[in-house]
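Fold and geometry: a report
Chain by chain, the residues:
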Amino acid sequence: MLMVQATDYDEKILEALGEPRYDFRTSQGIARELSLDETTVRRVLERRKDAVRVSAATDKRGQRLYAPKSRRVSNRERLA
């Protein structure tokens, strides 16, 4: 079984992703909030498939949206 290696940033990034005021987050938004490099945030989000899901929907600029895996799929995603 492959073990997922957590980085020092994982917990902070997953906390920001789960912020209740947002339905979805972009890697850019999380990076800006946490003063991290966007590439680092994106790598964590893509690697942590155990806790993160990629939405079928995108934002207005076509950026990929992420949500906690525990959050239910929204109507917006179903229509995407």
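Residues numbered from 1 in each chain as written. Predicted model: local features only at pLDDT ≥ 70, side-chain atom pairs only at ≥ 80, totals over all residues. Heavy atoms only, no water.

Remarks on the packing of helix α1 (residues 10-17) against helix α3 (residues 38-47)
- Orientation of α1 relative to α3, taken along the N-to-C sense of each, is 80°, at an axis distance of 10 Å. Regarding the angle of α1 to α3, the classification is roughly perpendicular. Contacts between α1 and α3 involve Asp10, Ile13 and Leu17 from the former and Thr40, Val41, Val44, Leu45 and Arg47 from the latter.
- When grouped by side-chain class, the residues that make up the contact of α1 with α3 number five nonpolar, one polar and two charged. (Axes fitted to C-alpha atoms, helices over the stretch in contact; angles between N-to-C directions. Helix = DSSP H or I, 4+ residues; strand = E, 2+ residues; numbered from the N terminus. Parallel < 35°, antiparallel > 145°, perpendicular 65-115°, else oblique. Contact = heavy atoms within 4.5 Å. Nonpolar A, V, L, I, M, F, W, Y, C, P; charged D, E, K, R; others polar.)

Considerations on the nonpolar core
- Core analysis: the largest hydrophobic core is formed by eleven residues, namely Ile13, Ala16, Leu17, Ile30, Ala31, Leu36, Val41, Val44, Leu45, Val52 and Tyr66.
- Looking at this core, the elements that each hand over two or more residues are α1, α2 (27-34) and α3.
- The residues contacting Ile13, other than those within four sequence positions of it, are Ile30, Leu34, Leu36, Thr40, Val41, Val44 and Leu45. (Core = buried A, V, L, I, M, F, W, Y, C linked by side-chain atoms within 4.5 Å. Buried < 20%, exposed > 50% of the residue type's maximum accessible area, 1.4 Å probe, protein only.)

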